[in-house]
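A closer look at the structure
One-letter residues, chain by chain:
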Amino acid sequence: MDIKDIIKPENLVYSKSKLFTDKALSYCPGCGHGTAHKLVLQTIEEMGIESETIGVAPVGCSVLAYEFMDIDIQQASHGRAPAVATAIKRLMPEKFVFTYQGDGDLAAIGTAETIHACNRGENIVIIFINNGIYGMTGGQMAPTTIAKMKTSTSPYGRDTAIMGNPLKITELVAQLPGVYYCTRQAVHTAAAVRKAKKAIRQAFENQKLKKGLSFVEIVSNCNSGWKMTPVDSNIWMENNMFPFYPLGDIKVPTEK
Amino acid sequence: MAKIKGAIVVEIEKCKGCGVCEVACPTQVIKLHTDVNGKGYHFAYMENPDACIGCANCAMVCPDSVISVYKMKVEA
Ligand SMILES: Cc1ncc(C[n+]2csc(CCOP(=O)(O)OP(=O)(O)O)c2C)c(N)n1
Ligand code: SF4
Ligand code: SF4
Ligand code: SF4
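Reading the values: rules and limits
Residues numbered from 1 in each chain as written. Chains lettered and ligands numbered in written order. Predicted model: local features only at pLDDT ≥ 70, side-chain atom pairs only at ≥ 80, totals over all residues. Heavy atoms only, no water. Near = heavy atom within 4 Å. Nonpolar A, V, L, I, M, F, W, Y, C, P; charged D, E, K, R; others polar. Phe/Tyr/Trp six-rings, centres within 6.5 Å; stacked < 30°, edge-to-face > 60°. Lys NZ or Arg CZ within 6 Å of the ring centre and 35° of its normal. Contact = heavy atoms within 4.5 Å. Buried area = accessible area lost by both parts, 1.4 Å probe. Salt bridge = Lys/Arg side-chain N within 4 Å of Asp/Glu carboxyl O. Pairing = 2+ DSSP bridges. Helix = DSSP H or I, 4+ residues; strand = E, 2+ residues; numbered from the N terminus. Buried < 20%, exposed > 50% of the residue type's maximum accessible area, 1.4 Å probe, protein only. Polar contact = N/O pair within 3.5 Å; in protein donor to acceptor, adjacent residues only side chain to side chain.

Here we look at the site of ligand 3
Ligand 3 sits among Cys15, Lys16, Gly17, Cys18, Gly19, Cys21, Leu32, Ala44, Cys62, Pro63, Val66 and Ile67 of chain B. The class makeup of the residues in the shell around ligand 3 is nine nonpolar, two polar and one charged.

Right, here's the structure in full:
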């Protein structure tokens, strides 16, 4: 059987989301940011809400998300995405509003905005990409950097006795009454991608039902910052990040 | 008996040669080419096309969404 007989429009089962622009993603080869973008766009496309959705992009490697996502996006100052999203949602409650933020953005400079938006229970979705490092600026230690992890500012590994402990901000915000749904996912394998996609869909459906804030962490690789090949970084992530940041739901709605 | 046959198409010039698709494929269809694309990346291709079952695992994990997957039933 010839490949040409299989490659026909009627046999197409998977292709790029139509909500991507034609621009090539600026991310390093193998970086999970691109995969996470895809799941957000697939969700918006499947729900048919592309003209009703407003994203808020962070500062960090995904600062240019608005270049790649063919939806309305406002770029926010470093860490302020949840505050900007709060304003957008309150002014336009009929819109679907989400933030897309790295760990330096969400769990360092933007900690106050994150915690207060979560505590107020703003009816938004937060997508949190945790690669344990400041990717864009050269791989410096972040609050989320795990113990013993080597970064450009902890070249011998994070010594928690001197440098403090890594912050599990997702477990922290899960305690807040305004957070309706809180989960930790990954996007490095097909099985993980399927689960992460379901979680993101759940988060947007919650917003539709005006349930409050949905928080989706995605533990992801920064192969450049970690100084590994993409495939090795994903293995390292499984062996080192997941034991500290276990995947799965942290807070699920109790009502039926 | 009907058999499932799959095939992928990689947008060669947009592939970054990361290799994430290669390890995601359950039937070892994909390899990175010894040649490079215009950006200098060893792009992904079907080294073993007969083994493709159209599961889309490779496309799901491709960070750059440059893989399209096709699938059909074939009467054996
Ligand atoms: C007010 C302000 N302070 C510092 C910076 C420098 N800066 C740019 S990106 C970044 C960290 C980004 O890290 P993260 O949020 O983890 O995203 P990643 O790049 O890893 O995806 C910092 C500190 C800035 N742009 N603005
Ligand atoms: S520096 Fe890290 S987070 Fe940024 S694009 Fe490269 S791999 Fe991704
Ligand atoms: S995962 Fe995508 S970008 Fe990476 S090698 Fe495969 S086709 Fe190319
Ligand atoms: S569709 Fe499945 S079997 Fe075919 S190349 Fe991709 S991962 Fe391999």
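So, the packing of aromatic side chains
Residue and element names in this part refer to chain A. One pass over the structure, following the stated rule, counts five aromatic pairs over all chains. Ring centres 4.9 Å apart and planes at 80° place the aromatic pair Phe244 and Tyr245 in the edge-to-face group. Its guanidinium or amino end placed over the ring of Phe20, Lys16 lies 5.6 Å from that ring's centre, counting from NZ or CZ. The lysine or arginine in question, Lys168, covers the ring of Phe244, its NZ or CZ lying 4.3 Å from the ring centre.

Quick look at the interface of chain A and chain B
Opposite the 34 residues of chain A that make contact, chain B presents 33 residues. Between chain A and chain B, the buried area comes to about 2,500 Å², and carbon and sulfur atoms account for 67% of it. If you sort the residues of chain A by the area they bury against chain B, Ile6, Tyr14 and Lys16 of chain A come out on top, with a joint share of 21%. In this structure, the connection of chain A to chain B is made through zero salt bridges.

Focus: the pairing of strand β4 (residues 67-75) of chain B
Where strand β1 (residues 12-14) of chain A meets β4 of chain B, two bridges bridge the pair, whose relative direction is antiparallel. Bridge pairing links Leu12 of chain A to Tyr70 of chain B in β4 of chain B.

Description of the site of ligand 4
For ligand 4, the set of nearby residues contains 14 residues, the closest of which are Cys25, Cys52, Cys55, Ala56 and Cys58 of chain B. Class assignment for the residues of the shell around ligand 4 results in 11 nonpolar, three polar and no charged.

Some details on the side chain of His37 of chain A
All names here are of chain A. Looking at where His37 falls in the secondary structure, it is placed in helix α2 (residues 32-47). Relative accessible area serves as the criterion here: at 0%, His37 is assigned to the buried category. At 3.2 Å, the side chain of His37 forms a polar contact with the side chain of Tyr100. Once residues lying within four places of it in the same chain are set aside, the contact partners of His37 are Phe20, Tyr27, Ser62, Ala65, Phe68, Met69 and Tyr100.

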